[in-house]
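Results of the structural survey
These are the residues of each chain, in order.
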Amino acid sequence: MPVLALTPTEQPPESLTHAKAVLPSSLSPAIPPPMENNNTTRGDFPLVQLQGDSIPDTIAASLASSLLGHVLFLKNQVPLPIPQLTRLKPTSAKSAKLKEQLLDAYDTLTSHLDTTFTALSTAFAKGRDKGKGNGNSLAYLAIVLGPSVGTAKARVLLAVDGLETKVWGERDDLPEDDDEEDSDDEEEDDEDQDSDDDEEDEHPPDSDSDSDSESEPQPTATHADHQLALRTADRLLSRALVGADADLAADMHPTQTHVLIRAPRRFVHPAWVPRQSVSASLDRTFLERGKGKSKVEGVWVACRRPAVNEEEDGDMEEDDEMIWWSWDGKIVGFAGW
């Protein structure tokens, strides 16, 4: 049988040597590729750089849940990663009970985080001067491992720099503005009849242009786009955690895990309890990091527009004061199979 041989001068096709992964054009506008940035850290923390002018509450909640799952595994609080833990078959009734309790607590906290960042975004928006800032805020979530918050064995901080700030739950389609404009027009009619005639000639074109602009279809993200954005953010987080600057692995004995967030006093959520008595200590630990301070690991998530620091204003109201809140649930690690 004849044998075919390649001569040394023959090269693979150019299409193979220069292949690149390109997102479909239909997905590129909604989910841009990761931003290329040589700066992969923010201070002592690895940087997760997201495209977009702000970080939605759903993305922040997903990253917080993912980081908690990574921390539990890397800190030896669970024998397997959370997604694989459900398939683990413990060898004793005690291990089975501990596994079930941990998974139930994790699922409960994950569901609470879905609404926590929504409530946090609303709390920031209600206390903000609408004439200042770009609509983004800086949110902190802390994961503390140890018997109590004050006797921590490990501390991990998630900074969300650019959380989208808006009042959730308000409807934009209510005709309140139209009613106010009608009442204003009636008052102007009573005051000056002549000017009213001129205004009636000018109003129809304005109303037509407004209706035309409102009738124009606005691009909206689909469910598939939203899920792709969540997966993209989670992959970027995982990539940051495996870096040399994010060595969270530690051989710790199973202990309790406490989850805290930093939010204004006006923040309202049934799953979170204010911890005013330890807020000053937690601020020193997590926000004033430096030589001689307690070790704090973490991840910094950023977008194109960083948050505006509004805590320096001297006229801050009491409801705008930032304090720490702790999740009212309980997560206890286990090591038994």
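Thresholds applied
- Residues numbered from 1 in each chain as written.
- Predicted model: local features only at pLDDT ≥ 70, side-chain atom pairs only at ≥ 80, totals over all residues.
- Heavy atoms only, no water.
- Helix = DSSP H or I, 4+ residues; strand = E, 2+ residues; numbered from the N terminus.
- Buried < 20%, exposed > 50% of the residue type's maximum accessible area, 1.4 Å probe, protein only.
- Contact = heavy atoms within 4.5 Å.
- Areas by Shrake-Rupley, 256 points an atom, 1.4 Å probe, with all protein chains shown as cover.
- Axes fitted to C-alpha atoms, helices over the stretch in contact; angles between N-to-C directions.
- Parallel < 35°, antiparallel > 145°, perpendicular 65-115°, else oblique.
- Left-handed = near helix turned anticlockwise from the far one by under 90°.
- Nonpolar A, V, L, I, M, F, W, Y, C, P; charged D, E, K, R; others polar.
- Pairing = 2+ DSSP bridges.

Our focus in this paragraph is the overall build of the protein. The helix and strand tally for the protein stands at 8 helices and 9 strands. Of all 337 residues assigned to the protein, the portion counted as buried reaches 35%. Counting only contacts in the protein whose residues sit at least 6 apart along the sequence, the fraction spanning at least 24 positions is 82%. For the protein, the accessible area works out to roughly 20600 Å², and carbon and sulfur atoms hold 49% of it.

The next thing to look at is the environment of Val144. Checked against the element boundaries, Val144 lands in strand β3 (residues 136-145). Distance from Val144 to Val296, taken between C-alpha atoms, is 9.7 Å for residues 152 residues apart in sequence.

In this model, Asn76 sits at a positive phi of 65°, which is unusual for a non-glycine residue. Examined against the element boundaries, Asn76 turns out to sit in the loop between α2 (57-74) and α3 (82-85).

What follows covers the environment of Ala154. You can see Ala154 is positioned in strand β4 (residues 154-164). Those residues in contact with Ala154 that lie beyond four places of it in its chain are Lys75, Ile143, Val144, Leu145 and Met252.

With that settled, the discussion passes to the packing of α2 against helix α4 (residues 93-126). Between two packed helices, what matters for the description is the angle formed by their axes and the separation of those axes. Two elements in contact, α2 and α4, have axes whose closest approach is 8 Å; the angle formed by their N-to-C orientations is 150°. Considered as vectors, α2 and α4 are oriented roughly antiparallel to each other. In this structure, α2 crosses over α4, and the sense of that crossing is right-handed. In this structure, α2 contributes Asp57, Ala60, Ala61, Ala64, Ser65, Leu68, Gly69 and Leu72 to the contact, and α4 contributes Tyr106, Leu109, Thr110, Leu113, Asp114, Phe117 and Thr118. Taken together, the residues of the contact of α2 with α4 break down into 9 nonpolar, 4 polar and 2 charged.

This part is about the pairing of strand β7 (residues 297-302). Burial analysis of β7 places 6 of its 6 residues in the buried class, which makes it a mostly covered element. Covered by surrounding structure in β7 are Glu297, Val299 and Val301 together with Gly298, Trp300 and Ala302, the residues of both alternating faces. Relative to β7, strand β2 (residues 45-49) runs parallel, the two sharing 3 bridges. Pairing of Val48 across the sheet is with Val301, part of β7.

Note that every value here comes from positions in space, so none of it alone points to a role or purpose.
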